[in-house]
Amino acid sequence: RRARWRAYSFYAGLLTIFIALGSPIESLSQKLFWVHMTQHVLLMTVAAPLIVLGAPWMSIWRPLPLGLRRSVARTIARSPALAPLRAIGHWLGRPLGAWLAFAITLLAWHIPAAYDLTLRSNLAHAAEHTTFMVFAILLWAQVLPSPPLKMRLSRIRRVFYITGATVVGWLLSIVLALAPTPLYPAYAHISHRPTGISALADQQLAAGVMLGPGSL
């Protein structure tokens, strides 16, 4: 029964990614800031925890040929050249590292120059969504059971931990909501938006998406 529910969670996470990136939401996100923000909420606060609950790690690893698994594991564990990568992985696997990586990534991609770049470059857009998903998965793995990964936080500390991560989004959404002018030129310069809303109203709606549904 537990394995079935994990499978349901994993496939629900994949479906959420498809809805965010493979549905009309993707094309609308180029014209409406609040739709783009909806993509991010779906990826980081819906898809990521569902995938963590699905715990697909061993199911992805075990079908690979045994010789390949041993070779890859031996190289990753023992190669001197990969020592820095192991150190980074160890740091990201701990609560503080995962939290900082998530928060810094969230803030960095919402710098106007970086955000506008994602609208002009498909590669930058893919990098944005990939980093959002990877670091959100690392964050949620600290508070949700996902064997064989181990949680290091007590139950009450998980509450404070995930609330602390949400506070970063709250602060960002307040900046977006209270800004007197549009902060993102790529959206501000669009002459005709679906529904005819202004660039500032679009930005305020995006702040609402991050502050409301993004916090639930």
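Just above sits the structure.
Undergrad: Would you mind going over the overall build of the protein with me for this structure?
TA: When you go through the protein residue by residue, the secondary structure sums to 12 helices and 0 strands. Sequence-ordered secondary structure for the protein, helices as α and strands as β, is α-α-α-α-α-α-α-α-α-α-α-α. Overall, the C-alpha framework of the protein stretches about 55 × 40 × 35 Å when taken along its three principal axes. Per-residue burial over the protein gives 38% buried out of 216 residues. At a minimum sequence separation of 6, the contacts of the protein that also span at least 24 residues come to 68%. Total accessible area computed for the protein in this model is approximately 12,300 Å², and 71% of it derives from carbon and sulfur atoms. Treating the 19 positive side-chain charges of the protein as one cloud and the 4 negative ones as another, the clouds have centres 29 Å apart.

Undergrad: Explain the environment of isoleucine 25 to me, please; I cannot follow it from the model alone.
TA: Mapped onto the secondary structure, isoleucine 25 falls in helix H2 (residues 24-28). Residues isoleucine 25 and threonine 38, spaced 13 residues apart in sequence, show a C-alpha to C-alpha distance of 8.4 Å. Those residues in contact with isoleucine 25 that sit more than four places away from it in its chain are Ile19, Ala20, Val35, Gln39 and Leu42.

Undergrad: How should I be thinking about a nonpolar patch on the surface in this particular structure?
TA: Together, Val167, Trp170, Leu171, Ile174, Leu178 and Leu211 make up a nonpolar patch on the protein surface, roughly 550 Å² of accessible area in all. Looking at which element gives the most residues to the nonpolar patch, the answer is helix H10 (residues 155-178), with 5 residues. You can see valine 167 is positioned in helix H10.

Undergrad: Help me out: how do you make sense of unusual backbone geometry in this one?
TA: Comment: phi is negative for the bulk of residues other than glycine, and the bulk of peptide bonds are trans. Proline 147 connects to proline 148 through a cis peptide bond whose omega is 10°. With respect to the secondary-structure elements, proline 148 resides in the loop between helix H9 (122-140) and H10. The backbone phi angle of threonine 195 is positive, close to 75°, even though this residue is not glycine. Tracing the backbone through its elements, the reader meets threonine 195 in the loop between helix H11 (185-188) and helix H12 (199-211).

Basis of the calculations
Residues numbered from 1 in each chain as written. Predicted model: local features only at pLDDT ≥ 70, side-chain atom pairs only at ≥ 80, totals over all residues. Heavy atoms only, no water. Helix = DSSP H or I, 4+ residues; strand = E, 2+ residues; numbered from the N terminus. Buried < 20%, exposed > 50% of the residue type's maximum accessible area, 1.4 Å probe, protein only. Contact = heavy atoms within 4.5 Å. Areas by Shrake-Rupley, 256 points an atom, 1.4 Å probe, with all protein chains shown as cover. Lys, Arg positive; Asp, Glu negative; His and termini not counted. Charge placed at Lys NZ, Arg CZ, Asp CG, Glu CD. Patch = residues over 30% accessible without salt bridge, like charges linked within 9 Å, V, L, I, M, F, W, Y side chains within 5 Å. Salt bridge = Lys/Arg side-chain N within 4 Å of Asp/Glu carboxyl O.

Scope: geometric values only; no functional claims are made or implied.
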